[in-house]
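What follows is the residue order along each chain.
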Amino acid sequence: KLRSASLARNRLTIDLSAEASNVVGVSRQRALGQVVLTVTQLDQVSEVRFQIEGESLQIASPERGDVETAGACDFRSL
């Protein structure tokens, strides 16, 4: 579940509920990648940061490895 979302300086921070921890591996990478690719289509959003219950979540980018923030270019190979 989405707990909150906030936008500051073209960075959208998305805070998810604890259930998001159940999605792991390639499934997590694809799920987060799809969200990143979707929200970065908005003019105001160029990068995305994820949290689970307020704690930062590393994003597994196929292009750059583990990162704290990701943009559409991080998932172009998907």
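Along each chain, residue indices are assigned from 1 in the same order as the chain's sequence is written. The predicted nature of this model means local features are confined to residues of pLDDT at least 70 and side-chain atom pairs, given and counted, to a pLDDT of 80 or more, with totals for whole chains, interfaces and linings taken over all residues. Heavy atoms from the whole structure form the basis of all side-chain values; hydrogens and water molecules are not counted.

Trainee: Sorry, what's going on with the overall build of the protein here?
Mentor: Secondary structure summary: the protein contains one helix and seven strands in total. Listing every helix and strand of the protein by position from the N terminus yields β-β-α-β-β-β-β-β. A compact globule built from 78 residues should have a C-alpha radius of gyration of about 12 Å, and the protein, at 11 Å, falls within 12% of that. With the C-alpha coordinates of the protein rotated into their principal frame, the extents come out at 30 × 25 × 15 Å. Burial classes: relative accessible area under 20% of the type maximum marks a residue as buried, over 50% as exposed, and values in between as partly exposed (1.4 Å probe, protein chains only). Among the 78 residues that make up the protein, the fraction classed as buried is 35%. Strands are runs of DSSP state E lasting at least 2 residues, helices are runs of H or I lasting at least 4, and numbering of each runs from the N terminus. In this setup the radius of gyration rests on C-alpha atoms only. A globule is expected at 2.2 Å times the number of residues raised to 0.38.

Trainee: I'm lost on the nonpolar core in this one. Help?
Mentor: Note that soluble globular proteins tend to have their nonpolar side chains buried in a common cluster. Ranked by size, the top nonpolar core spans 16 residues in total, and within it I14, V36, V48, F50, I59 and A70 carry the most contacts. Whether two residues touch is decided by their heavy atoms; if any such pair falls within 4.5 Å, the residues are in contact. Ignoring anything within four residues of it in the chain, the contact list for I59 reads V48, F50, G65, D66, V67, E68, T69, A70 and F75. We define a nonpolar core as any set of buried Ala, Val, Leu, Ile, Met, Phe, Trp, Tyr and Cys residues linked to one another through side-chain atoms lying within 4.5 Å.

Trainee: Hey, could you run me through the environment of Q29 in this one?
Mentor: Residue placement: Q29 occurs in helix α1 (residues 25-39). Sequence separation between Q29 and S61 is 32 residues, and the spatial gap between their C-alpha atoms is 7.3 Å. When sequence neighbours within four positions are dropped, the list of residues in contact with Q29 reads A60, S61, P62, F75 and L78.

Trainee: Looking at this structure, I do not really get the pairing of strand β1 (residues 2-8). What am I missing?
Mentor: Looking along a regular strand, one sees the side chains alternate between the two faces of the sheet. The rule for pairing is simple: two strands pair if DSSP sees at least two bridges between them. As paired strands, β1 and strand β2 (residues 11-16) are joined by six bridges and run antiparallel to one another. Residue pairing in the sheet places S6 in a bridge with T13 of β2.

Trainee: Can you walk me through the pattern of salt bridges in this structure?
Mentor: Opposite charge on two side chains permits pairing when their charged atoms draw close. A carboxyl oxygen of Asp or Glu within 4 Å of a side-chain nitrogen of Lys or Arg is what we treat as a salt bridge. The full count for this structure, using the stated rule, is five salt bridges. A salt bridge links R11 to E47; the nearest nitrogen and oxygen atoms lie 3.0 Å apart. In this pair, R11 sits in strand β2 while E47 sits in strand β3 (residues 47-52), placing the two residues 36 residues apart along the sequence. Taking the relative accessible area as the measure of exposure, R11 reaches 33% and is therefore partly exposed. Residues R64 and D74 are paired through a salt bridge, measuring 2.5 Å at the closest nitrogen-oxygen approach. Pair noted here: R64 is in the loop between β5 (59-61) and β6 (65-67) and D74 is in the segment after β7 (69-70), with a separation of ten residues, a long-range link. In this structure D74 comes out as buried when scored by relative accessible area, which is 2%. The network of salt bridges with common partners includes R3, D15 and E53.

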